[in-house]
Amino acid sequence: MRYRYRIFPALAALLLITTGCASLLTVPGTPVVVQPLPTVEAYMAQRIDWQPCENGAAECGSIRVPVDYADPGAMAIDMPLIRLRATNPAARLGVLTANPGGPGESGYEQVRYALNPKDTGLRKFRIRYDLVGFDPRGVGRTAAVSCLSDKEMDDYLATDFTPTDAAGVRQVADAHKRYAAACLRHTGKVLGFLGTEFVTQDMDIMRSALGEDKLNYFGFSYGTRLGQYYADRFPAHVGRMMLDSIDDPSRTTDRWDFTPDPEPPDPTRLWAQDRTVRDMLNACAARPDCPLDHDPDIAMRKLRELIDRVDKNPIPTKDGRKLGSNLAVLGIFEATYDEAIWPVFERAFADALQGDGTGLARLADGYVGRSNTGRYTSSQPAFWAVQCANDDPKSYRSKSEEQILAELQHNADLAEVTSPLFGRNRAFSAPLCLFWPVPPTSMSKAAHAIGAPTIVLLNNTGDPATPLTEAQHVAEELADAVLVVRKHEGHIAFDNGSACIDAIAVGYFFDGVVPDRGTRCDD
């Protein structure tokens, strides 16, 4: 079971709360379509009409992409773009684009944030590159997937995803089916054309429309899958490509063909997220000012007891919601992504023990894309739409609902052994794809990118979302790749406190310096 990959949670919150990005906050409504072009070649021949935006500090434009590349003249959608020109035109190297992950996060907003002087990420590359941001289809400004209303989404997330009887399992299934049906009702035909393979083709249309022979690309988390697939399909069009926190597409399982492991799960081999929570509690216990128990074993027991307690009796939050077990688990899960969030989790956990669920609920909001005003972005529905498209089309709905529910129950029992904190909840909350209203479009598989230039990979040793083992496997599968390993807990290596990693990224994108194989960063 694969989890959501996220980058820059603080950035996402900042954009939603301080800038009021209404265009990313969605309510049900069919995505807007535009006049299609007759052939793929016609789409490739587009040129972008850049116009000033963002008070003249950036330029905005758009391209059209076909909904279905097999029938390009039938239907098209608009893909808005934002461009920040290189600040040193004399030393300009070309265009650099990026994807921050998800799937469901906004590359448009990632580049837009580079206008902020506080940005230390993509902003540093603007000296020699035009930064161009885009939202993949189904995300943000590009035919955003639309499913439930804000109130309906709150209700969905309040579902008890740790059922203990057949009636509870049925309620979970009904919640998933309502969600999936709403996605089709509000998103329409576009919902069936959001797989990663379509986005890579959109990226090549964007490259052509930009007038660039090569695409320079920095992908994070799920964005590394986009990069791998782009390089695999268009190796001659790859410029400098760096991928951070590696998503291994070959490890995606067929959700419609669940086969239990013949060996019973080993309770000593805990999920990475459970181990990270243990690290969080250990780190707190070592500090005199820790708001939790200074014995991490006792703190862990209290955490499990809290989840059980709010499952039976949800506790209030300051915005009027109730914190049940699902929001509590999502809040804890969000904290595992970034060591910088650990103090926020500590305070939220301590408050929840006193009956105030506000802190954990707000951490959960960061995970699902909910603002402090109760509005949801397109990130969560887009995440599911893309994930559900990356599966085996031949296995779609090959089993009865009764079989599916029985397998989910069995899977939950197994998951609880190796993940006492998250296993049962994730086993029931994550299989939305089993009820998805449109079939998947392609089974994920390894990319090889034969003929592409050297691709530089970055990964932390203690990344719970994209483990180092996945990065090592991708490095073996790609025809030409160098893996740089950083000794660090958490998700994302670049712009995350390592001068070593950041220097490698700058040296690569500015001067084409490929690090030596076996390079490690210990800061």
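Our structure's up above, just so we're on the same page.
These numbers were taken from a predicted model, which means no experiment stands behind them.

Reading guide: rules and limits
Residues numbered from 1 in each chain as written. Predicted model: local features only at pLDDT ≥ 70, side-chain atom pairs only at ≥ 80, totals over all residues. Heavy atoms only, no water. Helix = DSSP H or I, 4+ residues; strand = E, 2+ residues; numbered from the N terminus. Rg over C-alpha atoms; globule rule 2.2 N^0.38 Å. Buried < 20%, exposed > 50% of the residue type's maximum accessible area, 1.4 Å probe, protein only. Lys, Arg positive; Asp, Glu negative; His and termini not counted. Charge placed at Lys NZ, Arg CZ, Asp CG, Glu CD. Expected span 1.5 Å × (residues − 1). Axes fitted to C-alpha atoms, helices over the stretch in contact; angles between N-to-C directions. Parallel < 35°, antiparallel > 145°, perpendicular 65-115°, else oblique. Left-handed = near helix turned anticlockwise from the far one by under 90°. Contact = heavy atoms within 4.5 Å. Nonpolar A, V, L, I, M, F, W, Y, C, P; charged D, E, K, R; others polar. Disulfide = S-S within 2.5 Å. Salt bridge = Lys/Arg side-chain N within 4 Å of Asp/Glu carboxyl O. Phe/Tyr/Trp six-rings, centres within 6.5 Å; stacked < 30°, edge-to-face > 60°. Core = buried A, V, L, I, M, F, W, Y, C linked by side-chain atoms within 4.5 Å. Polar contact = N/O pair within 3.5 Å; in protein donor to acceptor, adjacent residues only side chain to side chain.

(A) Inspection of the overall build of the protein chain at higher detail. Broken down by element type, the protein chain carries 17 helices and 13 strands. In terms of overall size, the protein chain behaves like a compact globule, its C-alpha atoms giving a radius of gyration of 22 Å where 523 residues would be expected to give roughly 24 Å. Taken over 523 residues, the protein chain has a buried fraction of 61%. Between the averaged position of the 55 positive side-chain charges in the protein chain and that of its 69 negative side-chain charges there is a distance of 3 Å.

(B) Structural context of helix α6 (residues 196-209). If you check α6, its first and last C-alpha atoms are 20 Å apart, about what 14 residues at 1.5 Å a residue would give, namely 20 Å. In terms of burial, α6 is largely enclosed, as 14 of its 14 residues are buried. Positive phi appears at Gly211, one or two residues downstream of α6, with a value of about 75°.

(C) Focus on the packing of helix α8 (residues 272-285) against helix α9 (residues 296-312). Running from N to C, α8 and α9 cross one another at 130°; their axes reach a closest spacing of 9 Å. Judged by the inter-axis angle, α8 sits oblique to α9. Between α8 and α9 the crossing geometry is right-handed. Residues Val277, Arg278, Leu281, Asn282 and Ala285 of α8 form the contact with α9, whose participating residues are Pro296, Asp297, Ala299, Met300 and Leu303. Class assignment for the residues of the contact of α8 with α9 results in seven nonpolar, one polar and two charged.

(D) Examining the state of the cysteines more closely. Counted under the stated rule, the structure contains five disulfides. Each disulfide pairs two cysteine sulfurs, and for Cys53 the partner residue is Cys60, the sulfurs being separated by 2.1 Å. Given an S-S torsion of about 80°, the disulfide between Cys53 and Cys60 has right-handed geometry. Cys60 carries the same exposure label as Cys53, and that label is buried. Note that Cys147 is cross-linked by a disulfide to Cys183, the S-S spacing being 1.9 Å. Looking down the S-S bond of the Cys147 and Cys183 bridge, the torsion is 105°, so its handedness is right-handed. Here the residue Cys147 occupies a position in the loop between β6 (129-134) and α4 (150-157), and Cys183 occupies one in helix α5 (residues 166-187), the gap between them amounting to 36 residues. Taking relative accessible area as the criterion, Cys147 reaches 3% and is therefore assigned buried. The class of Cys183 is buried, set by a relative accessible area of 0%. Once the disulfide-bonded cysteines of the protein chain are ranked by sequence position, their pairing pattern turns out to be 1-2, 3-4, 5-6, 7-8, 9-10.

(E) Main features of the pattern of salt bridges. Applying the stated rule across the entire model yields 33 salt bridges. Note that Glu416 is salt-bridged to Arg424, the shortest N-O span being 3.1 Å. Overlapping salt bridges, with partners in common, bring together Asp154, Asp319, Arg321, Asp365 and Arg370 in one network.

(F) Up close: helix α10 (residues 325-335). Here α10 lies mainly inside the structure; eleven of its eleven residues are buried. Every buried residue of α10 is accounted for by Ser325, Asn326, Leu327, Ala328, Val329, Leu330, Gly331, Ile332, Phe333, Glu334 and Ala335.

(G) Broad picture of the packing of aromatic side chains. Per the counting criterion, the structure on display carries 20 aromatic pairs. Aromatic side chains Tyr337 and Tyr367 sit 6.3 Å apart centroid to centroid with 40° between the ring planes, which places their arrangement in the tilted category. Taken as a pair, Tyr337 in the loop between α10 and α11 (342-353) and Tyr367 in helix α12 (residues 358-368) lie far apart in primary sequence, 30 residues in all. Judged by relative accessible area, Tyr337 falls into the buried class, the value being 5%. Taking relative accessible area as the criterion, Tyr367 reaches 6% and is therefore assigned buried.

(H) Region of the structure containing unusual backbone geometry. Omega for the peptide link from Gly102 to Pro103 comes to -5°, which places this bond in the cis form. Checked against the element boundaries, Pro103 lands in the loop between β5 (94-99) and α3 (107-112). One non-glycine residue, Ala143, lies in the positive phi region at around 50°. Relative to the elements of secondary structure, Ala143 occurs in the loop between β6 and α4. On the accessibility criterion, Ala143 (8% relative accessible area) is buried. We note that Asp495 has phi near 55°; this positive angle belongs to a residue other than glycine. Its place among the elements puts Asp495 in the loop between β12 (481-489) and α17 (499-511).

(I) Looking closely at the packing of α11 against α12. The N-to-C vectors of α11 and α12 enclose an angle of 135°; their axes lie 7 Å apart at closest approach. As far as their axial angle goes, α12 and α11 are oblique. Contacts from Val344, Phe345, Ala348 and Ala352 of α11 reach α12 at Gly359, Leu360 and Leu363. The residue inventory of the contact of α11 with α12, partitioned by class, reads six nonpolar, one polar and no charged.

(J) How the structure looks around the environment of Asn390. Topologically, Asn390 is positioned in the loop between α13 (379-389) and α14 (401-418). Here Asn390 falls in the buried class, since its relative accessible area comes to 2%. Considered as a pair, Asn390 and Met443 are 53 residues apart in the sequence and their alpha carbons are 5.4 Å apart.

(K) Molecular detail of the nonpolar core. In this structure, Phe345, Leu360, Trp436 and Leu457 are the most contacted members of the largest nonpolar core, which totals 126 residues. Among residues more than four places away in sequence, those in contact with Trp436 are Ala180, Cys183, Leu191, Trp384, Ala385, Cys388, Tyr396 and Arg397. Listed in part, the 30 residues of the second largest apolar core include Cys53, Leu84, Phe125 and Tyr508.

(L) Inspection of the side chain of Arg370 at higher detail. Assignment of secondary structure puts Arg370 in the loop between α12 and α13. Within the local environment of Arg370, its side chain forms a polar contact with the side chain of Asp154, the two groups lying 3.0 Å apart. Not counting chain neighbours up to four residues away, the residues in contact with Arg370 comprise Asp154, Asp319, Arg321, Asp365, Arg375 and Tyr376.

(M) Main features of the environment of Pro431. Summarising the element assignment, Pro431 is placed in the loop between α15 (423-429) and β11 (455-462). Here the alpha-carbon distance between Pro431 and Cys388, two residues 43 residues apart in the chain, equals 9.3 Å. In this structure Pro431 touches His176, Leu408 and Arg426, once residues within four positions along its chain are discounted.

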